[in-house]
Amino acid sequence: MNRGAAPGEWRRRRSLRRALSDIPHQIGTTREANSAPHSVAPVQRFYKYQAAIYDLTRWTLLLGRNNAVDAMRLRTDASVLEIGCGTGLNFSPIQRRLDSTHGHIVGVDFSEHMLKRARRRVERRGWRNVDLCAADATRLDLGRQFDAVFFAYSLSMIPDWRLALERAAAHLAPGGRIVVLDFGRFEKWGPMARVMRGFLRVNHVKILDGVDSALRTHCEHVTVQHALGGHHAVWMGVRSNDV
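Keep in mind the model is a prediction, meaning the values are calculated, not measured. (Residues numbered from 1 in each chain as written. Predicted model: local features only at pLDDT ≥ 70, side-chain atom pairs only at ≥ 80, totals over all residues. Heavy atoms only, no water.)

A.B. asks: For this particular structure, what's the right way to read the environment of aspartate 209?
C.D. replies: For aspartate 209, the position within the fold is in the loop between helix H10 (192-202) and helix H11 (211-216). A relative accessible area of 47% places aspartate 209 in the partly exposed class. What aspartate 209 contacts, discounting residues up to four positions off in sequence, is Trp161, Arg162 and Arg185. (Helix = DSSP H or I, 4+ residues; strand = E, 2+ residues; numbered from the N terminus. Buried < 20%, exposed > 50% of the residue type's maximum accessible area, 1.4 Å probe, protein only. Contact = heavy atoms within 4.5 Å.)

Shown next as structure tokens:
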């Protein structure tokens, strides 16, 4: 806990940390997660071995992070929920936009092996405004709302990604933003497009179709920006103030 935080913010963070400690009971233990559809468990096994080399091997492939973080339009005192935070690679660009005393990040991931790396990053950087928990994105219930919810190359690895988006919207405060950064269809990559899609499929990534329409179910002012010939896209939606 950051000693400089205001009393109200300190109480909110303490309440959230109590809620996070109860998450395994809310979403299921590892055993319950492994009893989920067979298409889910391989992702956990995959990252058991990938976690150690993830940061070294993904920097050439997972592009557009800074632009996606910009799309959240974060205030310095914003609360941010990242779903599928992995090793915490996005925490640094998010932290640069926050006041560490008043801003707050919660990172959620399905893989304990990835979260172990994220915890090390948080401890190494001395970030007291970051909380982490293991959770299934399709069953997420943290008991609070956030100013922004962020998926970065994670939604495409969730088999029931529409349900994950629905749970994300439930955690978004009125006027808050959901931002999704993920792979496109590589439309302008010529013969390499098929190679890239095949490579991603082997790595448990499914190219998403209909993200913008799914976002419109929960948000308004939905936009999408494609980049690098269809390598990736950034989708953004704003939660109505009327909810």
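Once you've had a look at it, read on.
A.B. asks: Would you explain the packing of aromatic side chains in this entry?
C.D. replies: What characterises a pair of aromatic rings is the spacing of the ring centres plus the angle enclosed by the ring planes. Enumeration over the complete set of coordinates arrives at four aromatic pairs. The structure contains a cluster of three or more aromatic residues connected by ring pairs, namely Tyr153, Phe183, Phe186 and Trp189. Just above the ring of phenylalanine 146 sits the side chain of arginine 144; from NZ or CZ to the centre is 4.3 Å. (Phe/Tyr/Trp six-rings, centres within 6.5 Å; stacked < 30°, edge-to-face > 60°. Lys NZ or Arg CZ within 6 Å of the ring centre and 35° of its normal.)

A.B. asks: Sorry if this is basic, but what is going on with the nonpolar core here?
C.D. replies: Side chains of nonpolar character tend, in soluble globular proteins, to be buried together. Core analysis: the largest hydrophobic core is formed by 37 residues, its most contacted members being Met72, Ile94 and Phe183. For this core, the secondary-structure elements that each account for two or more residues are helix H6 (65-71), helix H7 (91-95), helix H8 (112-125), strand S3 (130-134), strand S4 (146-152), strand S5 (172-183), H10 and strand S7 (232-238). With sequence-adjacent residues up to four places away left out, methionine 72 is seen in contact with Val80, Ile94, Ala148, Phe150, Arg177 and Val179. (Core = buried A, V, L, I, M, F, W, Y, C linked by side-chain atoms within 4.5 Å.)

A.B. asks: Please explain the pairing of strand S6 (residues 220-227) as it appears in this structure.
C.D. replies: Regular strands show a simple pattern: their side chains alternate between the two faces of the sheet. Summarising the sheet, S6 and S7 pair through six bridges and their orientation is antiparallel. Directly across from threonine 223, in S7, lies its bridge partner methionine 236. (Pairing = 2+ DSSP bridges.)

A.B. asks: Quick question: what am I supposed to make of unusual backbone geometry here?
C.D. replies: Residues other than glycine seldom take positive phi values, yet histidine 204 does so here, at roughly 70°. Inspection of the secondary structure assignment puts histidine 204 in the loop between H10 and H11. Among the residues examined, histidine 204 registers a relative accessible area of 29% and is labelled partly exposed. Notably, leucine 228 is not glycine yet its phi reads approximately 55°, a positive angle. In this structure, leucine 228 sits in the loop between S6 and S7.

A.B. asks: Explain the pattern of salt bridges here, please?
C.D. replies: Working definition: two side chains of opposite charge can pair if their charged atoms are close together. Using the criterion set out here, one finds six salt bridges in the structure. A salt bridge links aspartate 70 to arginine 97, with the shortest nitrogen-to-oxygen separation between them at 2.7 Å. Of the two residues, aspartate 70 sits in helix H6 while arginine 97 sits in the loop between H7 and strand S2 (104-109), which places them 27 residues apart along the sequence. Taking the relative accessible area as the measure of exposure, arginine 97 reaches 22% and is therefore partly exposed. Salt-bridge contacts for arginine 75 lead to aspartate 147; the nearest nitrogen and oxygen are separated by 3.4 Å. Of the two residues, arginine 75 sits in the loop between H6 and strand S1 (79-83) while aspartate 147 sits in strand S4, which places them 72 residues apart along the sequence. (Salt bridge = Lys/Arg side-chain N within 4 Å of Asp/Glu carboxyl O.)

By themselves, these are just geometric observations and shouldn't be taken as functional.
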